[in-house]
Amino acid sequence: GAVGKMIGSLLGPVIIFFIVFKDYKKYLKIPVDKGHFKEMIVFCAPLVIAAMLGFFTNGYDRVCLQKVVSIETLGYYSVGSTIALHLRGFSTAVNNTFAPDIYQSIVQKHYGKMLKIVMVKVVLASFVAILFILFSKVLIYLLTAGRYMTSLPYMRIIALVSITSTIYYSLEDIFVASGFTRLMLLNNIIGGACCILIYRLFINVWQAVGASWALVFSYLVLSLVGITMLGIYTSKPIMAHRK
């Protein structure tokens, strides 16, 4: 049951860890400068906390939804959500492919090139999402042997998450490459608070369909908050220089 699902999710990474540890344990003997270690902790700690706040874009929807719908509806929603969110695997692959180019563009201050790269990522994610939506009825029929066709509307809506999440993760790359990890944490705190309000409003009004749209908009809200904060933060040195 549920415990088996959790164990299955954990077992794979544990096995990989021991395989990697066996082959690369020699690198653990490399001395580490304490000063660099401190810098690493200061830089990475906000990223770790920000990642933990990702619960509000991956899980909080079901926490709210289970209070207002039947177990059956929650099950159909979960099936549609699980299938559609596999599209994020493609988005992740695209993000990882272009991340070095974004970092390089920021370091070299080629911001126009950076925006073009982000647009390419969004276009690719949109193209795949549209294809997925067009063939979603066939996909869900094949994947569930026709038993969960009721999940289809939720699956189609949540497929759009691959587009909005691509925008958000591109913004994350910009934050990290610019060294604004604390700003990124603040973005996730403020954005997470906004997402809570969106989930509760949408779910109370439209229930499972509202949860689907709230999931899509959660990444968009995080992106808009982040862009606003980034614009305010970067404009301060410019205004100070003009004065």
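For clarity, every value in this text was computed on a predicted model and none was experimentally measured.

> Before we go on, may I ask you to explain the nonpolar core in this structure?
One finds Leu65, Tyr77 and Tyr199 to be the most contacted residues of the largest nonpolar core, which totals 55 residues. Among the elements of the structure, helix H3 (60-65), helix H4 (71-84), helix H5 (87-107), helix H6 (111-134), helix H8 (152-158), helix H9 (161-178) and helix H10 (181-242) are those that each provide at least two residues to this core. In terms of residue count, H10 provides more of this core than any other element does, 19 residues in total.

> Honestly, the confidence of the model for the protein chain in this entry has me stumped. Any pointers?
Caution is warranted with low-pLDDT regions, since their predicted coordinates should not be read in detail. Overall, the predicted model of the protein chain reaches an average pLDDT of 88, with 97% of residues at or above 70. Low confidence marks residues 238-242, where pLDDT is under 50. Its contacts with residues over four positions away, or in another chain, come to zero contacts.

> What should I look at first to understand H9 in this one?
Since the α-helix packs 3.6 residues into each turn, any two residues three or four apart lie on the same face. Helix length check: H9, at 18 residues, gives a terminal C-alpha distance of 25 Å against a target of 26 Å (1.5 Å per residue), a fit within 8%. Across the 18 residues of H9, 13 count as buried, placing the element largely inside the fold. The first or second residue beyond H9 is Gly179, which carries a positive phi of 80°.

> Help me understand the pattern of salt bridges, please; the structure alone is not making it clear to me.
Two side chains bearing opposite charge may form a pair once their charged atoms approach each other closely. Tallied over the entire structure, the rule returns one salt bridge. Lys121 is the salt-bridge partner of Asp173, the closest N and O atoms lying 3.8 Å from each other. Placement of Asp173 in helix H9 and of Lys121 in helix H6 is noted, with a sequence separation of 52 residues between them.

Calculation notes
Residues numbered from 1 in each chain as written. Predicted model: local features only at pLDDT ≥ 70, side-chain atom pairs only at ≥ 80, totals over all residues. Heavy atoms only, no water. Core = buried A, V, L, I, M, F, W, Y, C linked by side-chain atoms within 4.5 Å. Buried < 20%, exposed > 50% of the residue type's maximum accessible area, 1.4 Å probe, protein only. Helix = DSSP H or I, 4+ residues; strand = E, 2+ residues; numbered from the N terminus. pLDDT = per-residue confidence, 0-100. Contact = heavy atoms within 4.5 Å. Expected span 1.5 Å × (residues − 1). Salt bridge = Lys/Arg side-chain N within 4 Å of Asp/Glu carboxyl O.

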